[in-house]
Amino acid sequence: MKVKFKKYPVGTVFNKIILNKELNFKNRKIKLLYPTRLESMVFDPAKIELNENHIYTAGQINFTVSMFKSIKIEITNEKNNLNISGIGHRESLIKHAYLLMKDVLKFEVGMNIEYIDEINIKHCGLGSSSATIAGVCCAINEIFGNPIQKVNLMKYIVQNHVEEIDGDSDYVFPVQSIGGSAATGLYGNGMVIIAGETVVIETMSIAEEYDVLFGIPNDYIPKDSHDLIQIESDNFGNFNNTGNVYAKEIAYRMLHECLPEIRFGKLIAVGNLIYDYRFNMGSIKNCSFCYDGLVELGDKLRIIKESNLAEVLALSSVGPGFFAITKNKEEVKKIFKENNLNIFETKCYNGGYKIIYE
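On to the sheet that holds strand 13 (residues 341-346). Taken in spatial order, the four strands of this open sheet run 11-12-10-13, and their pairing is antiparallel. For this open sheet the edge positions go to strand 11 (312-315) and strand 13, each flanked by a neighbour on one side alone. For this sheet, the mean angle separating the axes of adjacent strands, direction not counted, is 15 degrees. Direction of pairing for strand 10 (residues 211-217) relative to strand 13: antiparallel, over a ladder of six bridges. Counted as the bridge partner of Pro-217 is Leu-341 from strand 13.

Structure (structure tokens):
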């Protein structure tokens, strides 16, 4: 079922949940740091095509990194009033998250929400939109003592995901979400694996000895989310073809190669699967709508994996950002620089969102 490309009022709830609990304030003020996810691959790209129920079951492997958004919320006496401030704040997304939680928790208090994202780079593979919504929802849930269990909160966030529209803070645009940002914040580990209808099936801690390099082409100009999904829709046939050809192989390798190694804290099998998916199964080509020259850039970066300089090399989401998880930071950084990538250095983060003070 293809959806019509239409906008919806901020706060539209596509998939409701019912909570039969009496609310009590745990805190009237909270500050929360929400981590960033890097999405390395999906298990079945044939299942990312837009649909009318806003539920997506493609499955996903995500890595959590130490790039945080700061969200501070204070309860006010101004009934049903929302004030938003901060650096790089995403007004429509924050308002959407506030209204999602208001719909299920039925609160009438006012809130001041201060949102700070010092990186503030949109539509490059960092999942900033979904992390913004998830972070605000988690902070509000904490305010009320976590009345929504995380398995239900994750589904609620993911199945009501939207993107902002440039210059329009009153309307949003529904876009697919498989759950990476919500999962990494709520379930907290260096690697988080999602399958089926937004269910976390495995997590793994990543050793401190690994560095993470994230690179964005220095000439990349982000497009509006509405324009991106219009272009992406023209490529759904390619995503479907990749899923139809490779989904069974991916599932088999995930079950018999990756999951057993993950139990022993190893990245080799999962890194090899991610590389094959991105570089040899057509994924980078499928995502090339977001940036001219993406396929050529990917070919130039192959040497990183083929020379065993990184355990994991991947495009993140639909890009155009590439990332490497490596013990050879300087050598990988040199290759990134030679290919005109702006580089962000970080580490995997083996935790979920952090409460700084209450």
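So, on to the pattern of salt bridges. Enumeration according to the criterion identifies 19 salt bridges in this entry. With a shortest N-O distance of 3.5 Å, Lys-69 and Asp-117 are connected by a salt bridge. Here Lys-69, found in strand 3 (residues 60-76), pairs with Asp-117, found in the loop between strand 5 (110-116) and helix 2 (128-143); they are 48 residues apart in sequence, far enough to count as distant. According to the relative accessible area criterion, Lys-69 is buried, its value standing at 4%. The salt bridge involving Lys-79 is made with Glu-108; its shortest N-O contact spans 3.1 Å. In this pair, Lys-79 is assigned in the loop between strand 3 and strand 4 (82-87) and Glu-108 in the loop between helix 1 (91-105) and strand 5, connecting sequence segments 29 residues apart. Look at the salt bridges and you will find they share partners, linking Glu-249, Arg-253, Glu-257 and Asp-276 into a network.

A word on the sheet that holds strand 7 (residues 168-174). Read across the sheet, three strands follow the order 1-7-6 without closing on themselves; strand pairing throughout is antiparallel. Across the chains shown, the open sheet's two edge strands, defined by having one partner strand only, are strand 1 (8-9) and strand 6 (162-165). Judged from the four bridges that link them, strand 6 and strand 7 form a sheet pairing that is antiparallel. In the strand pairing of strand 7, Glu-163 is matched with Phe-173. Those strands touched by helix 1 are strand 6 and strand 7, and its axis lies near 70 degrees from that of strand 7.

Looking at where Ile-119 falls in the secondary structure, it is placed in the loop between strand 5 and helix 2. For Ile-119, a relative accessible area of 29% corresponds to the partly exposed category. In contact with Ile-119, other than residues within four places in its own chain, are Met-67, Leu-126 and Phe-344.

Bringing the packing of aromatic side chains into the picture now. Under the definition given, this model contains nine aromatic pairs. Plain terms: the ring middles of Phe-68 and Tyr-349 are 5.1 Å apart, the flat faces sit at 85 degrees to each other, and that makes the pair edge-to-face. Remark: Tyr-349 occurs in the loop between strand 13 and strand 14 (354-357) and Phe-68 occurs in strand 3; sequence separation between them is 281 residues. Here Tyr-349 falls in the buried class, since its relative accessible area comes to 15%. For the ring pair Tyr-220 and Tyr-291, a centre distance of 6.3 Å and an interplane angle of 75 degrees mean the geometry is edge-to-face. Of the two residues, Tyr-220 is situated in the loop between strand 10 and helix 5 (225-233) and Tyr-291 in the loop between helix 8 (283-286) and helix 9 (294-306); the sequence distance between them amounts to 71 residues. An aromatic cluster is present here, built from Tyr-98, Phe-107 and Phe-144 joined pairwise through their rings. Over the aromatic face of Tyr-171 sits the side chain of Lys-7, whose NZ or CZ is 4.7 Å from the ring centroid. In this structure, Lys-150 packs its charged tip against the face of Tyr-187, placed 4.4 Å from the ring centre.

This next bit is on unusual backbone geometry. For the peptide bond that leads from Gly-319 to Pro-320, omega is 5 degrees, which places it in the cis range. A positive phi is found at His-54, a non-glycine position, where the angle reads about 60 degrees. Following the sequence through the fold, His-54 ends up in the loop between strand 2 (29-42) and strand 3. Although it is not a glycine, Thr-198 sits at a positive phi angle of roughly 60 degrees.

Thresholds, definitions, all that
- Residues numbered from 1 in each chain as written.
- Predicted model: local features only at pLDDT ≥ 70, side-chain atom pairs only at ≥ 80, totals over all residues.
- Heavy atoms only, no water.
- Pairing = 2+ DSSP bridges.
- Helix = DSSP H or I, 4+ residues; strand = E, 2+ residues; numbered from the N terminus.
- Axes fitted to C-alpha atoms, helices over the stretch in contact; angles between N-to-C directions.
- Salt bridge = Lys/Arg side-chain N within 4 Å of Asp/Glu carboxyl O.
- Buried < 20%, exposed > 50% of the residue type's maximum accessible area, 1.4 Å probe, protein only.
- Contact = heavy atoms within 4.5 Å.
- Phe/Tyr/Trp six-rings, centres within 6.5 Å; stacked < 30°, edge-to-face > 60°.
- Lys NZ or Arg CZ within 6 Å of the ring centre and 35° of its normal.

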